[in-house]
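Structural features, examined
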Amino acid sequence: MNPQAKLIFMTSLLLGTTITISSNHWIMAWAGLEINTLAVLPLISKSHHPRSVEAATKYFLTQAAASALVLFSSMTNAWHTGQWDITQLSHPTSGLILTSAIAMKLGLVPFHFWFPEVLQGSPLSTGLLLSTIMKLPPITLLYMTSPSLNPTLLTTLALLSTALGGWMGLNQTQVRKILAFSSISHLGWMAIIIIYNPKLTLLNFYLYTMMTATVFLTLNSMKVLKLSTLMTAWTKVPSLNAMLLLTLLSLAGLPPLTGFLPKWLIIQELTKQEMIATATLMALLSLLSLFFYLRLAYCTTITLPPHTTNHMKQWRTGKPTNVLIAILATMSITLLPISPLILALV
């Protein structure tokens, strides 16, 4: 892709995100979401492969429908209350429509079908954007409207997302699809706590973004797209493979790694809200995701392929690891001991 074009699209992406997260008026928030959608479409379809074009079309249709619902919800609220302010979403029907629209934007179950397909059709670099920065504006809107949202609906969506995100990822062989289902599962954890403690949702989102960025950048530097390639990548950069193992376990939420922090705090907060059954169910459902993270980790570092694969062993390259990957990987693994400081900052 032309560097000037790429610069324009990335600037538009940042502009759209900034407009949405800093706006008070629904129309401005909607405009930011639209700029975001239009800026990321060329990045999805830049390879001109039929699958990329299909992914861009699916993404456009889903996001357009979700944006229309956001507009409809805000207009309904303005009709009943005379308020266009985002924080004044007091009409219950508007709250339900908005929750559905944001769930569609994020890819929460049952509006999740587009996300694995779009991620599978995108390059890894665009997949990283779709999994991280594109989730920020919808989550910000949920954060701002959290006092007036319906707890039952959000809890249902969250439990379904954690269950299906873990369950549907079990049988995948494509790394991008596995990461898509991992994202859906993590969004379930964010959605369940947003009404009771919105700051925890943001903390979870920041840590999830950091760990996912590490995984995507590592896979991109090793040029890995499916599990069979991942099995032969250990010869290429052994140190990076070891870091990928730890980052995947951190994403799964195992102590003493960084990913354990949000899960621990969310379960603690749910227990304080006397939602002990929900907390237990969430913890059990995260075991499903743990299985496919372990499968990825197993393919990454532990095994030699049990049979002769069609993939050549890759030569060990003398290139040093990217500094950004090194910093992100270190943070994805070692932040748990300084959790009191993180909580004080949040």
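Residues numbered from 1 in each chain as written. Predicted model: local features only at pLDDT ≥ 70, side-chain atom pairs only at ≥ 80, totals over all residues. Heavy atoms only, no water.

As annotated in an unreviewed UniProt entry, the protein chain carries the name NADH-ubiquinone oxidoreductase chain 2 and comes from Carpodacus erythrinus. What the UniProt record of the protein chain gives under Sequence similarities (unreviewed entry) is the line "Belongs to the complex I subunit 2 family." (UniProt positions renumbered as here; feature names shortened; annotations may be inferred.)

1. Here we look at the overall build of the protein chain
Assigned secondary structure in the protein chain consists of 16 helices and zero strands. For 346 residues, the compact-globule formula gives about 20 Å, and the C-alpha radius of gyration of the protein chain, at 20 Å, lands near that figure. Contacts spanning at least 24 positions in sequence make up 78% of the contacts within the protein chain whose residues lie at least 6 apart. Of the accessible surface of the protein chain, which amounts to about 15100 Å², a share of 70% is contributed by carbon and sulfur atoms. Of the charged side chains in the protein chain, 18 are positive and 6 negative, and the gap between their average positions amounts to 20 Å. (Helix = DSSP H or I, 4+ residues; strand = E, 2+ residues; numbered from the N terminus. Rg over C-alpha atoms; globule rule 2.2 N^0.38 Å. Contact = heavy atoms within 4.5 Å. Areas by Shrake-Rupley, 256 points an atom, 1.4 Å probe, with all protein chains shown as cover. Lys, Arg positive; Asp, Glu negative; His and termini not counted. Charge placed at Lys NZ, Arg CZ, Asp CG, Glu CD.)

2. Some words on helix H13 (residues 260-272)
Every α-helical turn comprises 3.6 residues, leaving residues that sit three or four positions apart pointing alike. Helix length check: H13 (13 residues) gives 18 Å between terminal C-alpha atoms against 18 Å at 1.5 Å per residue, within 8%. In this structure, the buried residues of H13 make contact with helix H9 (175-193), helix H10 (198-222), helix H12 (238-252), helix H14 (276-302) and helix H16 (339-345). Taken from the residues just after H13, glutamate 274 is the one with a positive phi, measuring 60°. (Expected span 1.5 Å × (residues − 1).)

3. Notes on the UniProt feature "domain: NADH:quinone oxidoreductase/Mrp antiporter transmembrane" (unreviewed entry) in the protein chain
As recorded in UniProt, the sites labelled "domain: NADH:quinone oxidoreductase/Mrp antiporter transmembrane" (unreviewed entry) are residues 23-288. Taken end to end, residues 23-288 is 75% helix and 0% strand, and its two terminal C-alpha atoms sit 38 Å from one another.

4. Quick word on the packing of H13 against H14
The N-to-C vectors of H13 and H14 enclose an angle of 155°; their axes lie 8 Å apart at closest approach. The angle between H13 and H14 falls in the class roughly antiparallel. Like other packed secondary-structure pairs, H13 and H14 cross with a definite hand, here left-handed. Along the contact surface, H13 presents Lys263, Ile267, Leu270 and Thr271, while H14 presents Ile276, Ala279, Ala283 and Ser286. Residues of the contact of H13 with H14, tallied by class, amount to five nonpolar, two polar and one charged. (Axes fitted to C-alpha atoms, helices over the stretch in contact; angles between N-to-C directions. Parallel < 35°, antiparallel > 145°, perpendicular 65-115°, else oblique. Left-handed = near helix turned anticlockwise from the far one by under 90°. Nonpolar A, V, L, I, M, F, W, Y, C, P; charged D, E, K, R; others polar.)

5. Digging into the packing of aromatic side chains
What the rule picks out here adds up to five aromatic pairs. Taken together, a centroid distance of 5.9 Å and an interplanar angle of 10° make the contact between phenylalanine 260 and tryptophan 264 stacked. Of this pair, phenylalanine 260 and tryptophan 264 both sit in helix H13, four residues apart, which is roughly one turn of that helix. On the basis of relative accessibility, which here comes to 40%, the residue tryptophan 264 falls in the partly exposed class. The rings of Tyr59, Trp114 and Phe115 are connected pair by pair, giving a single aromatic cluster. (Phe/Tyr/Trp six-rings, centres within 6.5 Å; stacked < 30°, edge-to-face > 60°. Buried < 20%, exposed > 50% of the residue type's maximum accessible area, 1.4 Å probe, protein only.)

6. Quick word on the pattern of salt bridges
Counting across every chain of the model gives three salt bridges. Between lysine 177 and glutamate 117 there is a salt bridge, with the nearest N and O atoms lying 3.5 Å from each other. Of the two residues, lysine 177 sits in helix H9 while glutamate 117 sits in helix H5 (residues 114-121), which places them 60 residues apart along the sequence. (Salt bridge = Lys/Arg side-chain N within 4 Å of Asp/Glu carboxyl O.)

7. Some remarks on the layout of surface pockets
When its volume is computed, the largest pocket comes out at roughly 290 Å³. Looking at which element gives the most residues to the lining of the largest pocket, the answer is H10, with three residues. By residue class, the composition of the lining of the largest pocket is five nonpolar, five polar and three charged. Its volume calculated, the second largest pocket comes out at about 160 Å³. Put simply, the parts of the chain that give the lining of the second largest pocket at least two residues each are H10 and H13. Considering each element in turn, the lining of the second largest pocket owes the most residues, four residues, to H13. Along the lines of polarity and charge, the residues of the lining of the second largest pocket split into five nonpolar, two polar and three charged. (1 Å grid on protein atoms, 1.4 Å probe; cavity = no way out; pocket = protein on both sides within 12 Å on 5 of 7 lines; lining within 4 Å. Points joined across faces, edges and corners; volume = space filled by probe spheres on them.)

8. Things to note about helix H6 (residues 124-131)
Burial analysis of H6 places seven of its eight residues in the buried class, the great majority of the element. Looking at H6, one finds that the buried residues are Leu124, Thr126, Gly127, Leu128, Leu129, Leu130 and Ser131. In this fold, the buried residues of H6 make contact with helix H1 (3-22), helix H2 (26-44), helix H3 (50-81), H5, H9 and H10.

9. Side note on the environment of threonine 300
By the secondary structure assignment, threonine 300 is in helix H14. With relative accessibility at 0%, the residue threonine 300 sits in the buried group. Measuring from C-alpha to C-alpha, the distance between threonine 300 and tryptophan 234 comes to 6.6 Å, with 66 residues separating the pair along the chain. Apart from residues no more than four positions distant in its own chain, threonine 300 is found in contact with Leu230, Trp234, Asn241, Leu244 and Leu248.

10. Side note on the nonpolar core
The biggest cluster of nonpolar side chains holds 98 residues, and the ones touching the most others in it are Tyr59, Leu130, Leu219 and Leu230. For this core, the element with the most residues is H10, which contributes 13 residues. Taken domain by domain, this core gets at least three of its residues from each of domain 1 (1-127) and domain 2 (150-345). The contact partners of leucine 130, leaving out residues within four places of it in the chain, are Val40, Ile44, Tyr59, Phe115, Val118, Leu119, Ser122 and Lys135. (Core = buried A, V, L, I, M, F, W, Y, C linked by side-chain atoms within 4.5 Å. Domains from an automatic or database assignment.)

11. A look at the environment of alanine 283
Relative to the assigned elements, alanine 283 resides in helix H14. For the pair alanine 283 and tryptophan 189, spaced 94 residues apart in sequence, the C-alpha separation works out to 9.8 Å. Sequence-distant contacts of alanine 283, that is, excluding residues within four places in its chain, are made with Trp189 and Ile267.

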